[in-house]
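Examination of the molecular architecture
Each chain, written out:
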Amino acid sequence: MWRLQRDHPGLIETRPGILSLAESVWVDVHDVMRVAHEILLPDEERVPADFPLLLRDAELMPGWDDEWIVFERERLRQLRLHALEVLAQRLTAQRRFGAALEAALAALGSDPLRESAHRVMISVHLAQGNLCEARRQYEECASILGAELGVAPSPLTRRLLHDFDLGDVDVRTGQKRLQDVTP
């Protein structure tokens, strides 16, 4: 600490029993948290101009495993994931599908087992009219959840496809599968 203070005066503030970064020090995680909280405001439909901050993976102090850091890292991860899902929904409502897909993909990239992120992806594809992509995303979700957790997608996720009558769309051809009718 002495060397850090000598090499970078003003970086660290010390008080009896307390060691902290100086208030003048800019920390990127504060910007990520600010944007995430802004997106998660209730009754707010606006998309902040600096939303791309959320698209980058924002892991807090990677490689450190102190208990307090692990807790704060998970808190930041969950905040970011929730904000990315809401962001994707808002961008979809604004018909900004490319940016909506980027936000949904960022959520999935951070946590491929997060079923709500798969639902957001499916919803973006459906809003864009890409029925085959929606079905493909559903099948990827089902495959991942089955392989990793031994569970099927929730009724909420399954209902997305059935509400759009996509239960029998072939993902390779995009055509409706013919039903076998036996008397």
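Residues numbered from 1 in each chain as written. Predicted model: local features only at pLDDT ≥ 70, side-chain atom pairs only at ≥ 80, totals over all residues. Heavy atoms only, no water.

Counting its regular elements, the chain contains seven helices and two strands. For the chain, the N- to C-terminal ordering of α and β elements is α-β-β-α-α-α-α-α-α. Out of the 183 residues in the chain, the part that is buried amounts to 36%. Looking at the chain alone, contacts between residues at least 24 apart form 50% of all its contacts between residues at least 6 apart. Summed over all atoms, the accessible surface of the chain reaches about 11,500 Å², with 56% contributed by carbon and sulfur. (Helix = DSSP H or I, 4+ residues; strand = E, 2+ residues; numbered from the N terminus. Buried < 20%, exposed > 50% of the residue type's maximum accessible area, 1.4 Å probe, protein only. Contact = heavy atoms within 4.5 Å. Areas by Shrake-Rupley, 256 points an atom, 1.4 Å probe, with all protein chains shown as cover.)

Where empty space is left becomes clear once a probe the size of a water molecule has been rolled over the atoms. One number sums up the size of the largest pocket: a volume of about 400 Å³. Surrounding the largest pocket, 13 residues form its lining, L21, V27, L60, M61 and W68 being those nearest its centre. If you list the elements that add at least two residues to the lining of the largest pocket, you get α2 (28-39) and α3 (67-93). Looking at which element gives the most residues to the lining of the largest pocket, the answer is α3, with four residues. Taken together, the residues of the lining of the largest pocket break down into ten nonpolar, one polar and two charged. (1 Å grid on protein atoms, 1.4 Å probe; cavity = no way out; pocket = protein on both sides within 12 Å on 5 of 7 lines; lining within 4 Å. Points joined across faces, edges and corners; volume = space filled by probe spheres on them. Nonpolar A, V, L, I, M, F, W, Y, C, P; charged D, E, K, R; others polar.)

Its identity as a non-glycine residue notwithstanding, M61 has a phi of 45 degrees, on the positive side. Examined against the element boundaries, M61 turns out to sit in the loop between α2 and α3. For R95, which is not a glycine, the phi torsion comes out positive at approximately 65 degrees. Look at R95 and you get exposed, because its relative accessible area is 59%.

Throughout the structure, instances matching the rule amount to twelve salt bridges. Note that R34 and D50 form a salt bridge whose closest N and O atoms lie 2.6 Å from each other. Of the two residues, R34 sits in helix α2 while D50 sits in the loop between α2 and α3, which places them 16 residues apart along the sequence. The class for R34 is partly exposed, based on a relative accessible area of 36%. Exposure remark for D50: the relative accessible area of 26% places this residue in the partly exposed category. R119 is the partner of E115 in a salt bridge, and the nearest nitrogen-oxygen pair spans 3.8 Å. Here R119 and E115 lie together in helix α5 (residues 115-128), a separation of four residues that amounts to about one turn. Across this residue pair, the class does not change: E115 and R119 are buried. Linked through salt bridges whose partners overlap, the residues forming this network are R34, E38, R46 and D50. (Salt bridge = Lys/Arg side-chain N within 4 Å of Asp/Glu carboxyl O.)

All right, on to the side chain of H118 then. Here H118 shows up in helix α5. Residue classification places H118 among the buried positions, given a relative accessible area of 1%. In this structure the side chain of H118 is engaged in a polar contact, spanning 2.8 Å, whose partner is the backbone oxygen of P112. Residues within four places of H118 in sequence aside, it is in contact with L108, P112, Q137, E140, C141 and I144. (Polar contact = N/O pair within 3.5 Å; in protein donor to acceptor, adjacent residues only side chain to side chain.)

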